[in-house]
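Descriptive analysis of the structure
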Amino acid sequence: MVNLIIDGVNVSVDEGTSIMDAAKIVGINIPKLCFLKDINEIAACRVCVVEVEGIDRLVTSCNNSVEEGMIIHTDSQRVRLDRYRTVQMILSQHDCKCATCVRSGNCSLQALSNDLNIRDILYGEVLERQEWDRTFPLVRNSTKCIKCMRCIQVCDKIQSLNVWELEGTGARSTVNVSGSRTIKEADCSLCGQCITHCPVGALVERDDTERLWRAFADPNKVVVVQVAPAVRTAWAEDSNLGREAGTVNKIFEGLKKMGADYVFDTSFSADLTIMEEAYEFIDRFSNGDLKERPMFTSCCPGWVRFIKSQYPHLVKQLSTAKSPMQMFGSVMKSYFAQSIGKNPEDIVSVAIMPCLAKKGESNMELFHGEYAGHDTDLVITTREFVRMLRASHINIENLVGIEPDKLFHDYSGAGVIFGATGGVMEAALRTAYHAIMGVNCPADAFDVVRASSQETGIVEANFELNGTNLRIGVANGLGNARKLIDSVENGEKHYDFVEIMACPGGCVGGGGQPIHDGSELAFERGKNLYFIDESSTIRYSHENPDIKAIYENYFTEPNSHKAHSLLHTDHNL
Ligand code: HC1
Ligand code: SF4
C-alpha cells in the first residue's frame, strides 16, 4: 500500500493507483475533460492538474501514480488559476454558441466552465473550420472540437477502425479523418461511439427531426412509426420518470400527440426476424457446406458495414434476413398498406432507433413487385426523439401510455431482448429449439449467451441439440468482433452461429442513445430488457399471435417465396 495525504486527508491506496483515483477514494472529484478510464489517459486537456509538494511543476492526476509520502493539493490557488487559464484557452478554440448547440445542458466543457465561474474568454477566438459532407449520418463540427482525442481513441481501441487522427502540430493541431480521406471514404461503421464519447458537440448525428415534423404535418401521408427495443431503456433517463417508468407505451403516446398515425414496436418484427433467421440457420446448418460456417446475424447495420469493409469475403456468411427495422418497413408498405387501403407511396415509414447506422441502413431499396421506395423512410435517434418531445412541450410526466396499434400489436420477450448483446442469439435459439425438437425449451435455457458486464466482450457456448453439438459465439463492440473473426480465420475457433453487435453492450449502448459523459450505462439498460422479457407472457417469437397471423394471412411460412422477396436481402447489393 502507498500512504499519502490529499487535501489534508490521509489515504492508503494500492501501488499504481492514479492520483485521480486516490482522490476519488476520499471523495474528491478532480475536474477533467479528456479522461476516459482505460481508453484515454493521456492528459491532453491538462484540466486535472494538482500540486504535489516538492515538485515544481503541476502534475496531471489522471496519468500519474501515487507515491509514498506525497502531499497533494487538488484545489490550491495555483491549481485553481492554472485550471481557469487552461479552460479559458480551450474555450478560445471552441465555438461557444451554446444556445444553438445540441449538447447545451449536456456538455462537459460548458459544465466545467460554469463550475470554474469563467465569465469571459481572455484569448481571441481561433476557430478551425473544416469542410464536412452534411448528408452523411455522422456530422463533425470542427469549430467545436477541443482536441481531447477521445474520438480517436474510442474508434481505435474499442472499435478497431482508426477513422480519426490528429493532424498538424502545436496550436494548429486538429482532429480529422485519417489518411486524408473523406468520411464517406473512411471505413466508418456509423456505430456512433465517437459521438457518445465526445464531451462537447463536435460530433453529432445528422438531424432528421425537421423531415419528421414535415411528414407529421402532411395530410396526404400516413405516418407509421416503429420504436426499437433499446429506446425504452434510455429515452427517459434525463427526466424524473427514470428508466423503469419510462415505458415504450409512453413513447407511443408521445408520438401520437406529435402527429403519428400508427405506432408499433420493433420487437414485433424482431420476432419476425427470428422466424426467418432461425429457419434459415437450421437450413444452412443441416444442408450447408462446412466451410460456410459460421452464419452471422445481420440485424446490426454497424456490424454489416464493418464486415463489408473489413472482411468482404465473409459477407456471404451473413444471414440474408433483413433487420427487424427493415422487415417492419417492408411489411408496412405491403401487408399493412393493403390492410388500410393505401399504396406504399402514401406511407411514411419512420423508425425511432438507438443507432446512427440505421440512418445509413434505411437507404436500402425495397422491391415489392416493382420498386416501392425504401423500407424505412426516416430514422430518428433516441436523442432526436427526446429533442422532438421537448420541442412539442409534451410533459412526459403526464403520459400514461397507450398500446401499439392493431395488426402488429403483440411482441414477445424474445423480441425485446434483441436490444442487448446476446439477445438475438438467445431469441433465435429458443425458436430453433422448438423447430427442431417440436417442443419449447425452458425460456431461459440459453441465458449463458448473455454478457454480464462491460468486460465480457465475447461469449462462447456449446449446446447439444438433437444429438448435434452447436457452437455459438457472441461479440459486442467491433474490436471484439475483429478478435472473434480473426480467431475463426486462423483456425483457432470454430462456430456454427455467431451474433455480433457493433456497440458495446448491444443496441442499448447505441450511438444514438442519450449521453452521460463518463458513465457506461449499456449493461444497466440491458438488465431492463431482460426484466421485460422475464415479465412477458409470450417469451418465444413463434408463439406471438400476430406473427402466427402474418404467416397464415400473408407469408405462408418462414423463408417462403414471398418472405424472401420482402424480408430478405442480398448484402452484396
Ligand atoms: Fe437494435 Fe434491432 S436490436 S438492431 O440494436 O435487430 O437500433 O434496439 O431496433 O432492426 O429489434 C437498434 C435496438 C433494433 C433492428 C431490433
Ligand atoms: Fe469510428 Fe464508430 Fe465514430 Fe465511425 S461512428 S468514426 S466507426 S467510432
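Keep in mind that what you see is a predicted model, and the values were worked out from it rather than measured. (Residues numbered from 1 in each chain as written. Chains lettered and ligands numbered in written order. Predicted model: local features only at pLDDT ≥ 70, side-chain atom pairs only at ≥ 80, totals over all residues.)

Let's talk about the overall build of the protein
For the record, the criterion: The numbering of helices and of strands both runs from the N terminus, where a helix is a DSSP run of H or I of at least 4 residues and a strand a run of E of at least 2. The globule rule used here is 2.2 Å times the number of residues to the 0.38 power, and the radius of gyration it is set against is calculated over C-alpha atoms. Counting other C-beta atoms within 10 Å of a residue's C-beta gives its exposure: the residue is buried at 20 or more, exposed at 12 or fewer, and partly exposed in between, where C-beta atoms are placed from the backbone. What counts as a contact is two residues whose backbone-derived C-beta atoms lie within 7 Å of each other.
On a plain count of helices and strands, the protein comes out with 19 helices and 19 strands. In summary, the protein has a C-alpha radius of gyration of 25 Å against a globular reference of 25 Å for 573 residues, a match within 12%. Dimensions along the principal axes, computed over C-alpha positions, put the protein at roughly 80 × 55 × 45 Å. Looking at the protein as a whole, 49% of its 573 residues are labelled buried. Put simply, 73% of the contacts in the protein that link residues at least 6 apart link residues at least 24 apart.

A few points about the sheet that holds strand β11 (residues 262-265)
We apply this condition: Should DSSP find at least two bridges between two strands, the strands are regarded as paired. Orientation is described by lines fitted to C-alpha atoms, with helices fitted over the stretch in contact, and by angles between N-to-C directions that extend from 0 to 180 degrees.
If you trace the four strands from one edge of the open sheet to the other, you get β11-β10-β13-β16, paired in parallel fashion. Edge strands, defined here as strands with exactly one partner in the open sheet, are β11 and β16 (378-381). Sheet twist, expressed as the average angle between the axes of neighbouring strands with direction ignored, equals 25 degrees. Bridging between strand β10 (residues 222-227) and β11 involves four bridges; their strand directions are parallel. Each residue of the ladder has a partner; that of Gln226, found in β11, is Phe264. In the packing of helix α6 (residues 209-217) onto the sheet, contacts are made with β10, β13 (347-353) and β16, and the angle to β16 comes to roughly 120 degrees. Relative to the sheet, helix α9 (residues 266-287) contacts β10 and β11, its axis offset from that of β11 by approximately 50 degrees.

Brief notes about unusual backbone geometry
Between Arg293 and the following residue, Pro294, the backbone shows a cis peptide bond with an omega angle of 0 degrees. With respect to the secondary-structure elements, Pro294 resides in the loop between α9 and β12 (295-296). Of note in the backbone geometry, Ser160 takes a positive phi value of approximately 55 degrees without being a glycine. Its place among the elements puts Ser160 in the loop between α4 (150-158) and β7 (164-167).

Structural notes on the site of ligand 2
We apply this condition: To decide nearness, the C-beta atom of each residue is placed from the backbone, and the residue is near a molecule or strand if that atom lies within 6 Å of it. All residues other than Ala, Val, Leu, Ile, Met, Phe, Trp, Tyr, Cys, Pro, Asp, Glu, Lys and Arg, Gly among them, are scored as polar; the first ten of these are nonpolar and the last four charged.
What surrounds ligand 2 is a group of 13 residues, the closest being Cys155, Val163, Cys188, Cys191 and Cys194. Of the residues in the shell around ligand 2, the class split is nine nonpolar, four polar and no charged.

Some points on the site of ligand 1
The full set close to ligand 1 counts 19 residues, and Ala228, Ala230, Cys299, Met325 and Cys507 are the nearest of them. Secondary-structure elements contributing two or more residues to the shell around ligand 1 are α9 and α11 (324-339). By residue class, the composition of the shell around ligand 1 is 13 nonpolar, five polar and one charged.

Some words on helix α3 (residues 108-115)
Those residues of α3 not exposed but buried are Ser108, Leu109, Gln110, Leu112 and Ser113. Elements that come into contact with the buried residues of α3 comprise α2 (77-92). Just downstream of α3 lies Asn117, where phi reads positive at about 60 degrees.

As for the domain arrangement of the protein
Short version of the rule: These domain limits were set by an automatic method or by a database of domain assignments.
Here the domain parsing of the protein yields domain 1 (2-115), domain 2 (138-205), domain 3 (209-267 + 326-398) and domain 4 (275-322 + 410-567). Using C-alpha coordinates to define each centre, domain 2 is positioned 29 Å away from domain 3. Of the residues belonging to the side of domain 2 that touches domain 3, the class tally is three nonpolar, two polar and one charged.

Quick word on the confidence of the model for the protein
Caution is warranted with low-pLDDT regions, since their predicted coordinates should not be read in detail. Put simply, the rule is: The quantity known as pLDDT measures the predictor's confidence residue by residue, on a range of 0 to 100.
Averaged over all residues, the pLDDT of the protein is 95; the fraction at 70 or higher stands at 98%. Listed scores for the predicted complex are pTM 0.96 and ipTM 0.94.

Structural notes on the environment of Leu112
Topologically, Leu112 is positioned in helix α3. Given 21 C-beta atoms within a 10 Å radius, Leu112 is considered buried. As a C-alpha pair, Leu112 and Pro31 span 81 residues in sequence and 7.5 Å in three-dimensional space. Residues contacting Leu112, with those up to four places away along its chain left out, are Pro31, Leu33, Val47 and Val87.

A look at the UniProt feature "domain: 4Fe-4S His(Cys)3-ligated-type" (unreviewed entry) in the protein
To keep things clear, this is the line we draw: UniProt positions are given in the numbering used here, feature names are shortened, and annotations may be inferred rather than shown by experiment.
The UniProt record annotates "domain: 4Fe-4S His(Cys)3-ligated-type" (unreviewed entry) at residues 78-117. The annotated region residues 78-117 carries 57% helix and 0% strand content, and the separation between its end C-alpha atoms amounts to 16 Å.

Digging into the sheet that holds strand β5 (residues 71-73)
Spatially, β2-β1-β5-β3-β4 is the arrangement adopted by the five strands of the open sheet, whose pairing is mixed. Of all the strands in the sheet, just β2 (9-13) and β4 (59-60) have a single pairing partner and so form its edges. Bridging between strand β3 (residues 49-52) and β5 involves two bridges; their strand directions are antiparallel. Residue pairing in the sheet places Val52 in a bridge with Ile72 of β5. Docked against the sheet, α2 engages β3 and β5, running at close to 155 degrees with respect to β3.

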